[in-house]
Amino acid sequence: MIFGEVPLEDALGAILAHSTHAGDLKLKKGHVLTKNDIERLGAADVTHVIAARLQEADVEENEAAARLTAALRWFGVRAGPAMTGRVNCYAETAGLFTVDADLINAINAVDPSVTIATLKAFDRVAHRQMVATIKIIPFAVASSVIDRITELAAGRTAFEVHGFAGSRIGLIQTTLPSIKSSVLDKTRRVIETRIAANHGVMTSELRPPHARKPLAEAIRELQKSNDFVVVFGASAVVDQDDIVPAAIKEAGGAIHHIGMPVDPGNLLILGELDGKPVVGAPGCARSPKENGFDWVLDRLMANLPVTRADIVGMGVGGLLMEIPSRPQPRDPRPATARANVAIALLAAGQSTRMMGANKLLATFDNVPLIRRSALTAIEAGGRPVIAVLGHMAEQCSASLDGLNVVIALNKHYASGLASSLQTAISNVPASAAGVMMLLADMPALSAIDLQMMIRRFQDSGGQSVVRATFDGKRGNPVILPRVIFDEVFTLSGDVGARHLIESGDIPVIDVELGDAAALDVDTPDMLHQAGGTIAEPIQ
């Protein structure tokens, strides 16, 4: 690939390296220059452009990304389409992510033009969550680089998502006179919640005395009808011959390891009876806070074996967050504050395809759509929620009565979407690191969806665009970081921020939300299919 300043007369077919504005002509980064482009740039007195020109041995970025995708092997993962040199990969089911780190590192070392980024090994993932992204950094890559990576990947599995297997789990809690039943009841609820989150079921519970023989009998009983058994002892384990490990051996089982280099979670017991795991849970697992027990439970529920070597290898990264119940926290410093995100509810449009009705005043379960969307934004934690109104502003505002929202009137709503984006940004307070642009006519979006996007924005340090996707395709809403606010005021007409987002100047994080990110209600038929009722007569 040849890169650099190119005389305009030699730039036909070249790829723009930067977004270029000349007069009323706006060309985005990555645009392939046409004869018409060159004529218009020349008319605007442009004589040179910074561009890339492909050579015979080069592979264009999208083709290169697609070829790399085809060369890699994975399971439980689906790849999206190649766009701007990137292929995103998504979990096909909820489960645990595993990765061949040596292979990924070897691929990333081949050439800086090719990168693969993944989640950490054994991260829990939700259905449709992005687990990896393959990115070609320049506009093209040498075919020899693709060939080398293909050789490296042959016969190896790059990464997998191991789906949760619907495990059946038995719970045992031993008792002593000093243990209150309320503590045992709370522990049961906490463990049931953990198991349900991993798509399993707690089938039964026994509460024998804290003694070797009755505990051994309880283990044998529950082991028969469950995939594995979890035991909470009434007192902490202090020796390999203590009550819980001794009872596992009394039941006919074996102890593989006692203790783990994860804090909280040190006092975990890993045992086995007739090929099924028996786990002695540490006392900290009575709390819902993350601890070493979670790491073991997640793996077992995804049908991943846990060995002594696995346990002793958990020390790096095993210093977890302090749990509040400890009387002497290791580190009393307060948690770092999370970036605030405003949510702009875009509700100024004219509903031109609704045959005279305003879709935002249509009702879902007797609640106007605009109010329903505002309630979702409030529940998601928008700080603040800004309702951008225009068409039928008075009626829309009345539908928001009593809600904690900022009303922002877009007097130029008839000019198109750009004016609503600009109105929204003009009302974002200085305390917000970004703003979510939320279309008010998307009834399938939930507060959990929006919170997921906000968390990803916060985790990125508030410096990335976060965009909802469905099946790997662009969707809504989108979070814009403050660094891009000024550029929004360069837009005009019925144009959104898409070309700003895809210019490549700001990192983009895609969050897969499924069909909810694509479902809007632009027509009466679409509104009725989504469960809405038109609240005013069609004219």
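The rules behind these values
- Residues numbered from 1 in each chain as written.
- Predicted model: local features only at pLDDT ≥ 70, side-chain atom pairs only at ≥ 80, totals over all residues.
- Heavy atoms only, no water.
- Helix = DSSP H or I, 4+ residues; strand = E, 2+ residues; numbered from the N terminus.
- Areas by Shrake-Rupley, 256 points an atom, 1.4 Å probe, with all protein chains shown as cover.
- Phe/Tyr/Trp six-rings, centres within 6.5 Å; stacked < 30°, edge-to-face > 60°.
- Buried < 20%, exposed > 50% of the residue type's maximum accessible area, 1.4 Å probe, protein only.
- Lys NZ or Arg CZ within 6 Å of the ring centre and 35° of its normal.
- Pairing = 2+ DSSP bridges.
- Core = buried A, V, L, I, M, F, W, Y, C linked by side-chain atoms within 4.5 Å.
- Contact = heavy atoms within 4.5 Å.

Engineer: Hey, could you go over the overall build of the protein for me, with residue numbers and the actual values?
Structural biologist: When helices and strands are tallied, the protein shows 16 helices and 30 strands. For the protein, the spread of C-alpha atoms along the principal axes amounts to about 90 × 65 × 45 Å. Counting every atom, the protein has about 25,000 Å² of accessible surface; 51% of that belongs to carbon and sulfur.

Engineer: I'd like a description of the packing of aromatic side chains, backed by residues and values.
Structural biologist: Aromatic ring pairs: the centre-centre distance and the angle between the two ring planes describe each pair. Counted under the stated rule, the structure contains 3 aromatic pairs. Ring geometry for Trp74 and Phe159: centres 5.3 Å apart, planes at 10°, overall stacked. Taken together, the residues span a long stretch of sequence, with Trp74 in strand β7 (residues 73-75) and Phe159 in strand β15 (residues 157-163) at a distance of 85 residues. Classification of Trp74 by relative accessible area gives buried; the value is 16%. Exposure remark for Phe159: the relative accessible area of 1% places this residue in the buried category. Clustering of aromatic rings is evident, with ring pairs tying together Trp74, Phe97 and Phe159. The aromatic ring of Phe122 is capped on one face by Arg299, whose charged end is 3.5 Å from the ring centroid.

Engineer: Break down the sheet that holds strand β12 (residues 124-125) for me, with residues and values.
Structural biologist: The sheet built from 4 strands is open, its strands ordered β7-β15-β10-β12 with mixed pairing. Where the open sheet ends on each side, the last strands, each with one partner, are β7 and β12. Bridge count for β7 against β15 is 3 bridges, and the pairing is parallel. Residue pairing across strands places Phe75 opposite Glu160, the latter belonging to β15.

Engineer: Lay out the pairing of strand β20 (residues 269-273) in plain terms, naming residues and giving numbers.
Structural biologist: Judged by how many residues are buried, β20 sits mostly within the fold: 4 of 5 residues are covered. The pairing of strand β19 (residues 254-258) with β20 spans 4 bridges and is classified as antiparallel. Bridge pairing in β20 places Ile255 opposite Gly271. With 5 bridges connecting them, β20 and strand β21 (residues 276-281) associate as antiparallel partners. Directly across from Gly271, in β21, lies its bridge partner Val278.

Engineer: How would you summarise the nonpolar core if you had to cite specific residues and measurements?
Structural biologist: One finds Ile343, Ile370, Met436, Leu438, Met453 and Ile479 to be the most contacted residues of the largest nonpolar core, which totals 46 residues. Not counting the four nearest positions on each side in its chain, Ile479 is found in contact with Val341, Val435, Met436, Met453, Ile454, Phe457, Ser464, Val465 and Val466. Grouped together as the second largest cluster of nonpolar side chains are 30 residues, Leu68, Phe97, Val114 and Ile146 included.

Engineer: Got a sec to walk through unusual backbone geometry? Specific residues and values, please.
Structural biologist: Cis geometry marks the peptide bond from Asp263 to Pro264, where omega comes out at 5°. Here Pro264 is to be found in the loop between β19 and β20. Between Asn476 and Pro477 the backbone carries a cis peptide bond, its omega angle lying at 5°. Despite not being glycine, Ser351 shows a phi value in the positive range, around 50°. Looking at the secondary structure, you find Ser351 in the loop between β22 (340-347) and β23 (363-364). Even without being a glycine, Asp471 presents a positive backbone phi close to 50°. In this fold, Asp471 is placed in the loop between β28 (465-470) and β29 (473-481).

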